[in-house]
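Breakdown of the fold
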Amino acid sequence: MSTTVEAEVTGEGIVNDGNLNTAQAHTSRKGFCSVRHGLAFIMHFCNFSILTQQMNMSIAIPAMVNNTALPSLPNASTEKPPTESQDNWNETLKEFKVVAAMYDWSPEIQGIILSSLNFGSFLAPIPSVFLVELFGAKYLTGAGIFISSVLNLFIPLAADTGVTLLIVLRVIQGLVQVLALTCQYSIWARWAPPMERSQLTTIAQSGSVLGCFIIFLAGGHICQTIGWPYVFYIFGGTGCACSFLWILLIYDDPVNHPFISTSEKEYIIFSLAQEDSPPGWSLPIKDMLKSLPLWSILIFHFTDYWHFFLITMYTPIYINSVLQANIRDSGILSALPFASASIFIVLEGLLADFLLSRKILKLITIRKLFTTIGKNQGGYRGGYGMHRAASYSLCVCPPAPGVLFPAALSVSLFWVRSSFSTTMVFLMLSSVIKSLIQSGAFVSFLDIAPRYSALLRGLTQIFSYMAGAISPTVAGFLIEQDSEFGWRNVFLLAAVVGISGLVFYLIFAQAEVQDWAKRRHSPTCEQI
């Protein structure tokens, strides 16, 4: 695919022109009415679908397990949720037994089930990068979304069969989700002008945050009214529809798009031609291993996703067991922190691009500032082809500013658990602030090596999914070992891990293209 684009660029003399203003003279900036923004909104809905499938187990598992509610902790919430159903928890459990099957899973088993989606995920990003080069993002991503959605439909049957089959199914589902999210990002290597990367990718990524909001908001109600299996049926069916939408409307590059205007096509090609970092297959492995800026990004992804997977997977359980809310209310309350994230994540992308385009702040200052006081949305999972590309967060995280504030608020949850309203305020504030990271450390790999953005995105995913495989499992173990102080230990550990990654990133992160990622001219080219 990349050779097609490069051939057209050379043929039109765009590379040799080197004048970005000429391209901008055409009606290239059409705002949200442009084709590239349309692609971002399509990715928004596809990421929404994938995220709901990643998170539906988190909201369904309290309804699936008959011993999810842990023994009430000393000083547990004495402030009841503002719903009548709070006083009818026992009746709710009886309704579940009638509507759907329930299972006797310990907190440790629950942690393993929640983590299982990531058990094999860290093995998939790098192979996905090479597959997308061979087959293109259009069909690989569409196939990944479709297979994941079909597997989602079979989760209730797998749960009835046994824990082992359920875990195996979720491992396979995690692998194809990584394939879908990794391959889709190769499209931004050919579609996203450098000055618009933050806004385009945050529009697409906000679908993941919206997915978190909807699955928690609607999932609890679905579980309590028609049964937890329908959470998997409904969002599995939605994913199948999104996969067809993707196949019909997405194209790998602007050159092959049948409806894009000539001016927008030229603007995109001009913009990408300005980067002296063309796609390539040669890998300076030794230089990459010695690169502290690269390691700062990888370590930060591991530490930040530790907190992300903990919050997204355990928020419904925490609200249910500690705040004593029923399934429907815990779903609604879990959705609140995500409500503003889908808006704030787009706004922070626009803000980052504004500060950069007006030269108000240096790029590295923007990255470190947004990382410290704002947080990337998790979720996301994803990667790119072997080209310039823009980033998503993956998985999917609740909205919250940076690392420091969310860490402090999370640790405080244990000591404010007696106040229902304070706990919810802390959860919501943490999420809103976290949304700023999407324009911080999560985009840094595009700054230091746009030529190898696909590979670096794959590496960041490996570290992210390693955290996703470990964090919920450790949390389940700590909670089962100590019902009184387990949650405190979980939050403290997450804070220590997160702050450690932030400190390493602030010390070693850079925003300049590294020497090992720059264009390497052959002797023939030098002579020319």
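Residues numbered from 1 in each chain as written. Predicted model: local features only at pLDDT ≥ 70, side-chain atom pairs only at ≥ 80, totals over all residues. Heavy atoms only, no water.

Take the overall build of the protein next. A tally of helices and strands in the protein yields 25 helices and two strands. Scored against the burial criterion, the 528 residues of the protein give a buried share of 62%. Considering only intrachain contacts with a sequence separation of at least 6, the fraction spanning at least 24 residues in the protein is 86%. As presented, the protein carries roughly 18,900 Å² of accessible surface, and 66% of it is formed by carbon and sulfur atoms. (Helix = DSSP H or I, 4+ residues; strand = E, 2+ residues; numbered from the N terminus. Buried < 20%, exposed > 50% of the residue type's maximum accessible area, 1.4 Å probe, protein only. Contact = heavy atoms within 4.5 Å. Areas by Shrake-Rupley, 256 points an atom, 1.4 Å probe, with all protein chains shown as cover.)

In this section: the packing of aromatic side chains. Each aromatic ring pair is summarised here by two numbers: the centre-to-centre distance and the angle between the ring planes. On inspection of all chains with the given rule, the structure shows 18 aromatic pairs. When the ring of Phe146 is compared with that of Phe244, the centres are 5.9 Å apart and the planes differ by 45°; the resulting orientation is tilted. Taken together, the residues span a long stretch of sequence, with Phe146 in helix H8 (residues 137-153) and Phe244 in helix H13 (residues 229-249) at a distance of 98 residues. In this structure Phe146 comes out as partly exposed when scored by relative accessible area, which is 34%. Site record: aromatic cluster; members linked through ring pairs are Tyr103, Trp105, Trp228 and Phe232. Of note, Lys138 hangs over the ring of Tyr251, and the distance from its end group to the ring centre comes to 4.6 Å. Arg417 extends its terminal NZ or CZ atom over the ring of Phe414, reaching a point 4.0 Å from the ring centre. (Phe/Tyr/Trp six-rings, centres within 6.5 Å; stacked < 30°, edge-to-face > 60°. Lys NZ or Arg CZ within 6 Å of the ring centre and 35° of its normal.)

For the rest of this paragraph, the subject is the nonpolar core. In terms of nonpolar packing, the biggest core is built from 66 residues, with Met57, Met64, Trp105, Leu166, Trp228, Tyr314 and Trp487 touching the most fellow members. Residue contributions to this core peak at ten residues, all from helix H16 (residues 292-321). Residues in contact with Leu166, not counting those within four places in the same chain, are Met57, Trp105, Ile113, Ile155, Ala158 and Ala159. Counting 30 residues, the second-largest nonpolar core is a separate cluster that includes Leu140, Leu179, Ala204 and Ile250. (Core = buried A, V, L, I, M, F, W, Y, C linked by side-chain atoms within 4.5 Å.)

Looking now at helix H7 (residues 125-135). Turning to H7, its buried residues are Pro125, Ser128, Val129, Val132 and Glu133. Looking straight down H7, one finds its buried side chains confined to an arc of 140°; they lie on one side. For H7, exposure combined with an orientation more than 90 degrees from the buried face picks out Leu134 and Phe135. In the stretch just after H7, Gly136 is the one whose phi turns positive, near 90°. (Arc of directions from axis to C-beta.)

So, about the side chain of Ser410. Along the chain, the position of Ser410 falls in helix H20 (residues 404-412). Judged by relative accessible area, Ser410 falls into the buried class, the value being 4%. Setting aside anything within four residues of it in sequence, one finds Ser410 in contact with His307, Ile311, Ser430 and Phe491.

Take the confidence of the model for the protein next. Low pLDDT marks regions whose predicted coordinates should not be analysed in detail. Summing up the model confidence of the protein, the mean pLDDT is 74 and the portion of residues at 70 or higher is 69%. When pLDDT is averaged over each element of the protein, helix H9 (residues 155-161) comes out on top at 94 and strand S2 (residues 395-396) at the bottom at 32. For residues 68-75, every residue scores under 50 in pLDDT, and the model assigns this stretch 24 contacts once sequence neighbours within four places are set aside. Below pLDDT 50 for its whole length, residues 521-528 participates in one contact with residues either more than four positions away or in separate chains. (pLDDT = per-residue confidence, 0-100.)

Applying the stated criterion across every chain, the model contains one salt bridge. Among the ionic pairs, Arg36 bridges to Glu264, the shortest N-O distance being 3.0 Å. Taken together, the residues span a long stretch of sequence, with Arg36 in helix H4 (residues 35-64) and Glu264 in helix H14 (residues 262-273) at a distance of 228 residues. You can call Glu264 buried: its relative accessible area is 1%. (Salt bridge = Lys/Arg side-chain N within 4 Å of Asp/Glu carboxyl O.)

Helix H10 (residues 163-184) packs onto H8 with a crossing angle of 155° between their chain directions and a minimal axis gap of 8 Å. Classified by the angle between their axes, H8 and H10 sit roughly antiparallel to one another. Here H8 and H10 pass one another in a crossing that is left-handed. Between H8 and H10, the contacting residues are Ala137, Leu140, Thr141, Gly144, Ile145, Ile147, Ser148, Leu151 and Asn152 on the first element and Leu169, Ile172, Gln173, Val176, Gln177, Leu179, Ala180, Cys183 and Gln184 on the second. A breakdown of the residues in the contact of H8 with H10 according to their chemical character gives eleven nonpolar, seven polar and no charged. (Axes fitted to C-alpha atoms, helices over the stretch in contact; angles between N-to-C directions. Parallel < 35°, antiparallel > 145°, perpendicular 65-115°, else oblique. Left-handed = near helix turned anticlockwise from the far one by under 90°. Nonpolar A, V, L, I, M, F, W, Y, C, P; charged D, E, K, R; others polar.)

With that settled, the discussion passes to the packing of H16 against helix H24 (residues 486-508). Where H16 meets H24, the axes come as close as 8 Å, and the angle between the chain directions of the two elements is 155°. The orientation of H16 relative to H24 falls into the category roughly antiparallel. Our pair here, H16 against H24, has a crossing hand that is left-handed. Considering only residue class, the contact of H16 with H24 consists of 21 nonpolar, six polar and no charged.

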